[in-house]
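# Examination of the molecular architecture
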Amino acid sequence: MSTAALLDDARARLAAAPREALGEYVQPRRILGVARAPKIVAAGTAWHLGTLLLSDDAVFAVGEIVRSRQGVPRGYTAESQRRRADLAAAAFRGGFAQGATVHIAWSDLDPAAVDRGAASGPLTLVDGVPSVRWSASGGYAPLERYLDERITLLLEPPPRA
């Protein structure tokens, strides 16, 4: 089965499943020379399937994930914590509800290129089988099996998950 066919089948199975927001980081123009705070604006929705984001007509590699929250002054010992808090506040300024999950810095994948034998992000052919690298240090898993597992987890989450 082709990569595109596997993804289309997954979309049909996910029709009633919850989606998560896709966002794009925007640095607003200055007004009268005064810089405005950056924000993350809505760019659609997708099903989060591990390392993949599947929308109605595209597939993306997961980038960063933040939870929207109102920005408040905080002290941080790590610069990475400050950056994450800034991104969460940018999502809130962009109109996402408090606590909403927002995916940013995702990248487009090309299922047709995978079927032609080229890699596209975590997707590639392994011995002629569409496969996905589920983590940076992990190996490849057949895409069909990976999607089955992720769809099952999304539709029937484990208790207390």
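The preceding data block contains the structure.
Note that the structure is a prediction, hence the values are computed from the model and not measured.

Rules of the game
- Residues numbered from 1 in each chain as written.
- Predicted model: local features only at pLDDT ≥ 70, side-chain atom pairs only at ≥ 80, totals over all residues.
- Heavy atoms only, no water.
- Pairing = 2+ DSSP bridges.
- Helix = DSSP H or I, 4+ residues; strand = E, 2+ residues; numbered from the N terminus.
- Contact = heavy atoms within 4.5 Å.
- Axes fitted to C-alpha atoms, helices over the stretch in contact; angles between N-to-C directions.
- Phe/Tyr/Trp six-rings, centres within 6.5 Å; stacked < 30°, edge-to-face > 60°.
- Buried < 20%, exposed > 50% of the residue type's maximum accessible area, 1.4 Å probe, protein only.
- Lys NZ or Arg CZ within 6 Å of the ring centre and 35° of its normal.
- Arc of directions from axis to C-beta.
- Salt bridge = Lys/Arg side-chain N within 4 Å of Asp/Glu carboxyl O.

One open sheet accounts for seven strands, arranged β5-β6-β1-β2-β3-β4-β7; its pairing is mixed. The two strands at the open ends of the sheet, each matched to only one other strand, are β5 (64-67) and β7 (107-108). Strand direction decides the pairing type here: strand β1 (residues 20-26) and strand β6 (residues 101-104), joined by two bridges, are parallel. Residue Ala21 lies in a different strand from β6, and its bridge partner there is Val102. Set on the sheet, helix α2 (residues 79-93) makes contact with β1, β2 (39-49), β5 and β6; between it and β5 the angle comes to about 65 degrees. On the sheet, helix α4 (residues 143-155) packs against β2 and β3 (52-54) and is oriented at approximately 105 degrees with respect to β2.

To continue, consider the packing of aromatic side chains. Counting across every chain of the model gives one aromatic pair. Each ring, one from Phe60 and one from Trp106, has its centre 4.8 Å from the other, and the planes form 55 degrees; the classification is tilted. Placement of the pair is Phe60 in strand β4 (residues 59-61) and Trp106 in the loop between β6 and β7, with a sequence separation of 46 residues. Residues Phe60 and Trp106 agree in their burial class; the two are buried. For Arg19, the ring lying beneath its charged end belongs to Trp47, and the centroid distance is 3.9 Å.

Consider a sheet: its strands pair through backbone hydrogen bonds, and that pairing is either parallel or antiparallel. Strand order in the open sheet formed by three strands is β8-β9-β10, with antiparallel pairing between adjacent strands. Each end of this open sheet is capped by a strand with a single partner; those strands are β8 (123-126) and β10 (140-142). Within the sheet, the average angular offset between the axes of one strand and its neighbour, ignoring direction, is 45 degrees. Looking at chain direction, strand β9 (residues 129-133) and β10 are connected through three bridges and run antiparallel. Across the sheet, the residue bridging to Ser131 is Pro142, located in β10. Together, β8, β9 and β10 form the strand contacts of α4, whose direction differs from that of β10 by roughly 80 degrees.

Taken as a whole, helix α1 (residues 3-13) has its buried residues at Thr3, Leu6, Leu7, Ala10 and Arg11. What you see down the axis of α1 is that its buried residues fit within an arc of 140 degrees, all on one side.

This paragraph deals with the pattern of salt bridges. Here the structure, examined in full by the defined rule, presents seven salt bridges. Of the charged contacts, one joins Arg83 and Glu64 as a salt bridge, the two residues approaching to 2.8 Å between their closest N and O atoms. Taken together, the residues span a long stretch of sequence, with Arg83 in helix α2 and Glu64 in strand β5 at a distance of 19 residues. According to the relative accessible area criterion, Arg83 is partly exposed, its value standing at 41%. Owing to a relative accessible area of 21%, Glu64 belongs among the partly exposed residues under this scheme. A salt bridge links Glu79 to Arg82; the shortest N-O distance between them is 3.8 Å. Here Glu79 and its partner Arg82 are both found in helix α2, three residues apart, which amounts to about one turn of the helix. By relative accessible area, Glu79 is classed as exposed at 59%. Shared partners join several salt bridges into a network, and the residues in it are Asp9, Arg13 and Asp148.

The pairing of β1 with β2 spans six bridges and is classified as antiparallel. Within β2, the position partnered with Ala21 by the bridge is Thr45. Summarising the sheet, β2 and β3 pair through three bridges and their orientation is antiparallel. Bridging across to β3, Trp47 finds its partner in Leu54. The turn joining β2 and β3, which pair antiparallel and follow one another in sequence, is formed by two residues; a positive phi near 70 degrees is taken by Gly50.

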